[in-house]
Amino acid sequence: MSSFDDMDAFEAASLSARAMQARPAPYLDELNPAQRQAVETLDGPVLMLAGAGTGKTKALTARIVHLLNQGKARPNEILSVTFTNKAAREMKTRVGRMLGQAIEGMPWLGTFHAISVKLLRRHAELVGLKSNFTILDSDDQLRLMKQLVAATNIDDKRWPPRQLANVIDGWKNRAITPDRVPAAEAGAYNHEGPRLYAEYQARLKELNAVDFGDLLLHCVTIFQTHEDVLAQYQRWFRYILVDEYQDTNVAQYLWLRLLAAGHRNICCVGDDDQSIYGWRGAEVGNILRFEKDFPGAHVVRLEQNYRSTPHILAAASSVIAGNESRLGKTLWTDADDGEKVRLIGHWDGDEEARWIGEELESMQKGTRGMRAFSLDDCAILVRASHQMRAFEDRFLTIGLPYRVIGGPRFYERMEIRDAMAYFRLVTSPEDDLAFERIVNVPKRGLGDKAQQTIQRIARDRGVTLVDGARIAVAEEAIKGKGGAALRVLVDDLARWGRLVGSADLTHMELAEQILDESGYTAMWQNDKTPEAPGRLENLKELVKALEGFENLQGFLEHVSLVMDNETDDGGAKVSVMTLHAAKGLEFPAVFLPGWEDGLFPSQRSMDEQGLKGLEEERRLAYVGITRAEEVCTISFAGNRRVFGQWQSQMPSRFIDELPEAHVEVLTPPGLYGGGYGAAGMAASASPEIMARQMSDIDDRAQRADVYNSPGWRRLQARSTERPMSQPRESRNQVIDLEAVSAYVIGERVFHQKFGYGAVAGIEGDKVEVDFEKAGTKKVVARFICAADDVPF
DNA sequence: TTCTCCCCCCTTTTT
DNA sequence: GGGGGGAGAA
């Protein structure tokens with residue numbers, strides 16, 4: 001039954017081992033010396049420091065194959081952990097391809113979370129859960145937090161429940177249980193953090209539910225408190241492989257270290273320069289500390305890059321060199337030069353999207369002396385998901401096929417969540433959160449008051465909400481229409497529950513029946529809003545997605561772990577995704593739009609994390625650039641809509657860090673030449689841009705002022721006054737001196753974020769300003785401008 | 001109870 | 001430009 005004693009797996013294992021032993025290991029010949037060393041050093045701890053594009057997945061998969069080939073382990077004795085489902089899938093197919101056969105027998109190749117679920121289902125009772133526990137999504141999690149906060153005397157305006165969720169997540173990421181919250185952090189969330197954390201955990205237990213963080217945390221707890229269980233797995237997992245080690249958080253680190261403690265056959269692969277999940281609790285320290293944790297570890301560095309051209313590599317290296325804390329690697333390649341990294345500035349975000357759209361169209365035919373690219377070869381990587389909409393809008397207008405990866409996800413849509421809540425409730429009636437979600441969806445006349453009655457009854461008798469509702473119906477605690485509707489709902493739930501696993505109908509039919517009989521489908525059919533048809537479509541797709549699973553439970557678990565619904569209907573498409581989602585991927589042509597200070601690097605990251613945040617942003621820039629194989633196009637806009645308001649933007653500081661010798665500035669006519677006003681616009685701008693410009697009130701004045709803004713000056717300075725060949729130091733000096741000398745003490749200045757103020761002192765390239773609202777702050781000179789020059 | 005309007009705050013990034 | 005929450009009306 002369990003994969004532990006899975007005979008199929010065993011069969012597959014011995015089969016493949018024999019098959020591989022019959023002929024030599026061709027996969028080894030394809031490796032370079034460093035990769036080969038990483039693959040062949042099978043026993044003992046190994047740390048593979050693998051820069052971007054150095055073939056680490058290849059090495060990792062070859063290592064798995066080699067383990068099997070050498071008869072070191074059977075497929076189900078290898079624990080192989082990744083961070084994303086995508087990476088897990090990829091590795092599975094690559095191992096299969098290398099072995100020359102489909103590989104079904106690797107049950108322990110998966111994400112930390114997927115593997116943890118598997119472990120936890122077996123040992124749930126050790127942490128007070130039943131093995132059919134539900135996994136809450138962040139939506140449920142937040143609703144639970146809200147309830148807890150509401151029950152406390154806390155102003156949820158000042159202390160948003162979301163913040164509590166972050167605090168608790170942070171603790172879980174560091175494997176801190178409620179009883180172990182450090183004294184220094186007892187003040188978190190208005191001093192209620194630790195108590196609410198304990199309450200939250202208690203509530204989860206009542207609900208027989210876990211959140212994402214719990215999956216790992218519970219496993220660690222089990223390992224720490226039940227030596228026999230731990231020992232069993234230590235013996236079972238003879239070899240451990242970990243991908244993206246730089247992204248492990250403390251909980252994951254403990255999880256791994258406990259499992260590897262016996263034989264220490266652990267191979268971690270990572271790149272400190274690609275650590276981009278610090279906000280999720282990732283500890284780069286884990287990778288830096290590896291040799292201490294595992295004395296005698298073999299460290300292998302993969303530095304030959306097989307992905308990108310030298311220009312792209314040089315640009316990436318130059319940017320990442322700005323970071324202080326790194327192990328340091330030198331990537332090299334023997335590829336031909338190819339295109340320089342292309343840099344282009346735009347008037348605004350719409351213009352940027354328009355240009356990229358047009359560029360994509362011409363690139364399909366081949367343009368600017370480059371080869372032709374298929375849309376599948378192209379990707380647009382953004383910092384924040386809201387940037388994707390501009391591209392979607394544009395691509396829809398011009399009919400350019402695109403695919404959004406990791407955007408608003410299928411399973412996060414309202415109708416899908418509602419439907420899933422029905423399914424959840426039918427398969428596990430104790431799922432109170434699911435009940436709350438659907439009790440009045442569709443409208444059943446069960447408003448706040450009725451729901452409170454149900455809650456009260458349930459709490460008083462210590463039963464689930466469904467049972468509470470049943471009692472309310474029996475005792476007629478809820479009168480009128482609502483009461484009648486509740487009776488129907490309760491009966492329906494019971495009836496559907498009896499149909500689960502029934503031989504008379506498939507789980508797809510059951511799902512359909514639930515949606516129809518509950519009135520949920522009808523609710524959307526009667527809905528006249530424009531999105532209703534789409535929602536019905538999605539529901540159909542949901543039922544269709546059920547086909548791939550044996551039963552409803554299996555499906556629900558899949559969904560909670562794999563939030564994306566991969567449906568790709570052929571045809572070449574350009575991919576649009578966040579930089580985070582792009583990690584581990586590569587594309588011949590990459591567009592990196594929105595390189596503007598505040599957006600990228602993100603203001604928030606810098607505000608909250610300071611230099612640490614900036615360095616993580618810089619690593620993100622590095623990840624972005626290194627996704628490109630042949631062409632990398634970076635762009636920024638002078639103006640952008642932020643929360644629906646036009647705001648002038650300054651080019652990202654990372655742009656200054658690009659090496660000039662490897663960058664080509666693409667300058668469309670009319671942008672920098674000063675002729676962007678009426679004349680230049682008529683010639684080059686598209687009708688809709690003109691229309692928008694015309695509709696902007698006093699746009700003429702605005703435009704004139706933008707010319708004087710520091711960002712605009714910098715833009716101009718960059719492309720015209722100083723040729724790209726000028727050495728970098730002197731360029732920076734020029735800018736800074738320029739900016740500083742522009743101010744005198746006492747002068748009234750303006751700062752994007754802090755507003756108006758008076759210059760109080762000048763120090764290098766920093767200016768001390770007494771802001772009227774924000775107090776005295778030292779700011780970088782180029783972020784302020786004379787008060788008269790304010791761009792609006 | 002529900003609907004609608006208005007105001008506020010907001011947005012990193014993901015398993 | 002958009003969603004959530006509160007207030008007030010049908």
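Scroll up to find the structure this text is about.
Residues numbered from 1 in each chain as written. Chains lettered and ligands numbered in written order. Predicted model: local features only at pLDDT ≥ 70, side-chain atom pairs only at ≥ 80, totals over all residues. Heavy atoms only, no water.

As a further point, take the overall build of chain A. Counting secondary structure elements, chain A contains 34 helices and 21 strands. A total of 792 residues make up chain A; the buried ones form 55% of that total. When the accessible surface of chain A is summed, it comes to about 34,500 Å², and 51% of that surface belongs to carbon and sulfur atoms. (Helix = DSSP H or I, 4+ residues; strand = E, 2+ residues; numbered from the N terminus. Buried < 20%, exposed > 50% of the residue type's maximum accessible area, 1.4 Å probe, protein only. Areas by Shrake-Rupley, 256 points an atom, 1.4 Å probe, with all protein chains shown as cover.)

In the neighbourhood of DNA strand C, the contacting residues comprise Lys-146, Arg-389, Phe-643 and Gly-644. Looking at DNA strand C alone, sugar and phosphate atoms form 25% of those within 4 Å of the protein. One of the side-chain nitrogen or oxygen atoms of Lys-146 is found 2.9 Å away from a phosphate oxygen of DNA strand C. Interatomic distance of 2.8 Å between a backbone N/O atom of Phe-643 and a base oxygen of DNA strand C. Counted by class, the surface near DNA strand C contains one nonpolar, one polar and two charged residues. (Near = heavy atom within 4 Å. Polar contact = N/O pair within 3.5 Å; in protein donor to acceptor, adjacent residues only side chain to side chain. Nonpolar A, V, L, I, M, F, W, Y, C, P; charged D, E, K, R; others polar.)

So, about the protein's contact with DNA strand B. The full set close to DNA strand B counts 28 residues, and Arg-383, Ser-385, His-386, Arg-604 and Phe-643 are the nearest of them. Of all DNA strand B atoms lying within 4 Å of any protein atom, the proportion belonging to sugar or phosphate reaches 55%. In this structure, Trp-279 approaches DNA strand B through a side-chain N or O atom, which is 3.2 Å from a base oxygen. One of the backbone nitrogen or oxygen atoms of Lys-449 is found 3.0 Å away from a phosphate oxygen of DNA strand B. For the surface near DNA strand B, the per-class residue count stands at eight nonpolar, eleven polar and nine charged.

Evaluation of the coordinates by the stated rule reveals 54 salt bridges. Asp-139 serves as the salt-bridge partner of Arg-437, at 3.0 Å between the closest nitrogen and oxygen. Pair noted here: Arg-437 is in helix H19 (residues 432–438) and Asp-139 is in helix H7 (residues 138–150), with a separation of 298 residues, a long-range link. Judged by relative accessible area, Arg-437 falls into the buried class, the value being 18%. Given a relative accessible area of 27%, Asp-139 falls into the partly exposed group. The salt bridge partner of Arg-371 is Asp-377, with a shortest N-O separation of 4.0 Å. (Salt bridge = Lys/Arg side-chain N within 4 Å of Asp/Glu carboxyl O.)

Looking now at the pairing of strand S1 (residues 46–50). Of all five residues in S1, five are buried, a share of seventy percent or more. Neither face of S1 is left uncovered, since the one carrying Val-46, Met-48 and Ala-50 and the one carrying Leu-47 and Leu-49 both have all their residues buried. For S1 and strand S8 (residues 298–302), the ladder comprises five bridges, and the chain directions are parallel. Looking at the pairing, Leu-47 lines up with Val-299 of S8. Relative to strand S7 (residues 266–270), S1 runs parallel, the two being bridged by four bridges. Considered in S7, the bridge of Val-46 is made with Cys-267. (Pairing = 2+ DSSP bridges.)

Let us now look at the nonpolar core. Core analysis: the largest hydrophobic core is formed by 73 residues, its most contacted members being Leu-79, Phe-223, Ile-240, Trp-255, Leu-256, Leu-259 and Ile-266. Looking at this core element by element, the count peaks at eight residues for helix H12 (residues 250–260). Residues contacting Leu-256, with those up to four places away along its chain left out, are Val-81, Phe-112, Ile-240, Val-242, Tyr-245, Thr-248 and Ile-266. (Core = buried A, V, L, I, M, F, W, Y, C linked by side-chain atoms within 4.5 Å. Contact = heavy atoms within 4.5 Å.)

Where helix H18 (residues 414–427) meets helix H26 (residues 552–561), the axes come as close as 10 Å, and the angle between the chain directions of the two elements is 130°. Considered as vectors, H18 and H26 are oriented oblique to each other. As for how H18 packs across H26, the hand of that crossing is left-handed. Residue-level inspection shows Met-420, Phe-423, Arg-424 and Thr-427 of H18 in contact with H26, the latter providing Leu-552, Gln-553, Phe-555, Leu-556 and Val-559. Here the contact of H18 with H26 is built from residues that sort into six nonpolar, two polar and one charged. (Axes fitted to C-alpha atoms, helices over the stretch in contact; angles between N-to-C directions. Parallel < 35°, antiparallel > 145°, perpendicular 65-115°, else oblique. Left-handed = near helix turned anticlockwise from the far one by under 90°.)

Turning next to the sheet that holds S1. Hydrogen bonds between backbone groups are what pair the strands of a sheet, and the pairing can be parallel or antiparallel. Ordered in space as S3-S2-S6-S7-S1-S8, the six strands form an open sheet in which the pairing is parallel. The sheet is open, and its two borders are formed by strand S3 (109–111) and S8, each paired with just one other strand. Pairwise comparison of adjacent strand axes, ignoring direction, gives a mean angle of 15° for this sheet. On the sheet, helix H3 (residues 33–40) packs against S1 and S8 and is oriented at approximately 145° with respect to S8.

In this section: H26. If you check which residues of H26 are buried, you get Leu-552, Phe-555, Leu-556, Val-559, Ser-560 and Leu-561. With a side-chain oxygen lying 3.3 Å from the backbone nitrogen of Gln-553, the N-terminal cap of H26 falls on Asn-551.

With that settled, consider the side chain of Asn-173. Here Asn-173 is to be found in helix H8 (residues 161–173). We classify Asn-173 as buried; its relative accessible area is 16%.

Below, the discussion takes up the packing of aromatic side chains. One pass over the structure, following the stated rule, counts 20 aromatic pairs. Between Tyr-422 and Trp-496 the ring centres are 6.4 Å apart and the planes differ by 80°, which places this aromatic pair in the edge-to-face class. Of this pair, Tyr-422 sits in helix H18 while Trp-496 sits in helix H22 (residues 480–499); the two residues are 74 residues apart in sequence, bridging distant segments of the chain. Its relative accessible area of 0% is what places Tyr-422 among the buried residues. Aromatic pair Trp-595 and Phe-654: ring centres 6.3 Å apart, planes at 75°, arrangement edge-to-face. A residue pair is termed long-range when its members are at least 10 positions apart, and Trp-595 in the loop between strand S13 (587–592) and helix H28 (603–626) and Phe-654 in helix H29 (residues 653–656) qualify at 59 residues. (Phe/Tyr/Trp six-rings, centres within 6.5 Å; stacked < 30°, edge-to-face > 60°.)

Moving on, we come to the environment of Glu-352. Of note, Glu-352 is situated in helix H16 (residues 349–365). Taking relative accessible area as the criterion, Glu-352 reaches 1% and is therefore assigned buried. For the pair Glu-352 and Gly-638, spaced 286 residues apart in sequence, the C-alpha separation works out to 9.8 Å. Residue contacts for Glu-352: discarding those within four places in its chain leaves His-346, Phe-391, Pro-593, Gly-594, Glu-596, Ser-635, Phe-636, Ala-637 and Arg-640. Side-chain polar atoms of Glu-352 contact the backbone nitrogen of Gly-594, separated by 3.1 Å.

What follows deals with helix H17 (residues 388–398). Among all positions of H17, only Met-388, Phe-391, Arg-394 and Phe-395 are buried. Along the long axis of H17, the arc covered by the buried residues comes to 130°, so they all point the same way. Across from the buried face of H17, at angles greater than 90 degrees, the exposed residues are Arg-389, Leu-396 and Thr-397. Phi turns positive one or two residues past the end of H17, at Gly-399, with a value near 70°. (Arc of directions from axis to C-beta.)

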